[in-house]
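# Structure at a glance
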Amino acid sequence: MIEMDFRTEFKPLTVQPQQIEGKSFEMITEELGPHPFTDEQYPIVQRVIHASADFELGRSMLFHPDAIQAGIKAIRSGKQVVADVQMVQVGTNKQRIEKHGGEIKVYISDPDVMEEAKRLNTTRAIISMRKAIKEADGGIFAIGNAPTALLELIRLIKEGEAKPGLVIGLPVGFVSAAESKEELAKLDVPFITNIGRKGGSTVTVAALNAISILADQV
């Protein structure tokens, strides 16, 4: 039997969190190279790549021209942030949201949402959006998991029932994920999204946190 040696002489370049992040951002900028993003948009792309280590995903990002400023305004105005799932809520820096009077809400596990979804034989994600728009006018909708939530929000926007300040629509998946983002990109509302199936709660959190960092800067 071959004896395995799990020891290694490898040592990290640094153990200081800020230095690790700074070095990561330098590497991302170098590897990404020329890109079409504005100075406003690039910090969001950078953090999405940092969270996913996926340059293809970073390059696929799409922005409404007013997206960044709309997100900053919503946070500074104390508007609600609505997440489609708890993973987005947990990963987001709540202090930067709450500092300005806002909060992060998730409705998908509310008893009334669950009961209504069962009654209508539909997804909780759809019903949660119907509930959210009544309480989050002008807020940020951060959707990273459920394409059905994004499609329902798009429907509500088109029908004039929902007026979000910003939609961060980055759901991941094979069924309706890419299509829901294509539909979002057609709307004349501030949005951050991407092309294709990739996405997820982690990158949605990264985009939302990047916006809140910008909102926190004087």
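Bear in mind that the values here come from a model prediction, so they are computed numbers and not experimental data.

### A look at the environment of isoleucine 211
By the element assignment, isoleucine 211 lies in helix H11 (residues 201-216). Residue isoleucine 211 is classed as buried on the basis of its relative accessible area, which comes to 0%. As a C-alpha pair, isoleucine 211 and arginine 96 span 115 residues in sequence and 9.9 Å in three-dimensional space. Apart from residues no more than four positions distant in its own chain, isoleucine 211 is found in contact with Ile44, Ile68, Gly71, Ile72, Ile75 and Ile192.

### Some thoughts on the UniProt feature "domain: Cobalamin biosynthesis precorrin-8X methylmutase CobH/CbiC" (unreviewed entry) in the chain
UniProt tags residues 19-212 as "domain: Cobalamin biosynthesis precorrin-8X methylmutase CobH/CbiC" (unreviewed entry). Counted over residues 19-212, helix gives 53% and strand 11%. Its end C-alpha atoms are 21 Å apart.

### Overview of the pattern of salt bridges
Summed over all chains, the structure comprises 12 salt bridges. Lysine 99 serves as the salt-bridge partner of aspartate 216, at 2.9 Å between the closest nitrogen and oxygen. Taken as a pair, aspartate 216 in helix H11 and lysine 99 in the loop between helix H6 (94-98) and strand E3 (104-106) lie far apart in primary sequence, 117 residues in all. Exposure remark for lysine 99: the relative accessible area of 55% places this residue in the exposed category. Put simply, glutamate 183 and lysine 186 hold a salt bridge, and the shortest N to O gap is 2.9 Å. With a relative accessible area of 25%, glutamate 183 lands in the partly exposed category. Residue class for lysine 186 comes out exposed when judged on its relative accessible area of 61%. Salt bridges here are not isolated pairs; linked through shared partners, they connect Arg130, Glu152, Arg155 and Glu159.

### Examining the sheet that holds E3
Read from one edge of the open sheet, six strands run E1-E6-E5-E4-E2-E3, paired in mixed fashion. Strands at the two margins of the open sheet, each flanked by one partner only, are strand E1 (61-63) and E3. In this sheet, adjacent strand axes meet at a mean angle of 20° when their direction is disregarded. Pairing analysis gives three bridges linking strand E2 (residues 81-83) to E3, with the strands arranged parallel. Bridge pairing in E3 links valine 82 to lysine 105. On the sheet, H11 packs against E2, strand E4 (140-143), strand E5 (166-169) and strand E6 (191-194) and is oriented at approximately 155° with respect to E4.

### Points about the nonpolar core
Of all hydrophobic cores here, the largest spans 67 residues; its most connected members are Ile44, Met61, Leu153 and Ile192. Those residues in contact with leucine 153, other than ones at most four positions away along the chain, are Met129, Ile133, Phe141, Ile143, Ala162 and Val167.

### Digging into the environment of glycine 196
Looking at where glycine 196 falls in the secondary structure, it is placed in the loop between E6 and H11. For glycine 196, a relative accessible area of 24% translates into the label partly exposed. For the pair glycine 196 and valine 172, spaced 24 residues apart in sequence, the C-alpha to C-alpha distance is 8.6 Å. The residues contacting glycine 196, other than those within four sequence positions of it, are Ala177, Ala178 and Lys181.

### Focus on helix H9 (residues 147-158)
With 12 residues, H9 extends 17 Å from end C-alpha to end C-alpha; this agrees with the ideal 16 Å at 1.5 Å per step. Looking at the packing, one finds that the buried side of H9 touches helix H8 (124-132), E4, E5 and helix H10 (177-184). Positive backbone phi, at 80°, marks glycine 160, one or two positions downstream of H9.

Rules of the game
As a convention, each chain's residues are numbered from 1 in the sequence order in which they are written. Confidence filtering applies because this is a predicted model: local features only for residues at pLDDT of at least 70, side-chain atom pairs given and counted only at 80 or more, and all residues used for totals across whole chains, interfaces and linings. Processing note: side-chain calculations cover all non-hydrogen atoms of the structure and skip hydrogens and water entirely. The secondary structure listing takes helices from DSSP runs of H or I that are at least 4 residues long and strands from runs of E that are at least 2 residues long, numbered from the N terminus. Note on classification: 1.4 Å probe, protein chains only; a residue is buried when its accessible area is under 20% of the maximum for its type, exposed when over 50%, partly exposed between these limits. By the convention used here, residues are in contact when the closest approach between their heavy atoms is within 4.5 Å. UniProt positions are given in the numbering used here, feature names are shortened, and annotations may be inferred rather than shown by experiment. Whenever Lys or Arg places a side-chain nitrogen within 4 Å of a carboxyl oxygen from Asp or Glu, that contact is recorded as a salt bridge. Strand pairing requires that DSSP identify at least two bridges connecting the strands. Only the stretch in contact is used when fitting a helix axis, every axis being a line fitted to C-alpha atoms; angles between N-to-C directions are given from 0 to 180 degrees. Think of a nonpolar core as a cluster: buried Ala, Val, Leu, Ile, Met, Phe, Trp, Tyr and Cys residues, connected wherever their side-chain atoms sit within 4.5 Å. Residue count minus one, scaled by 1.5 Å, sets the expected span of a helix.

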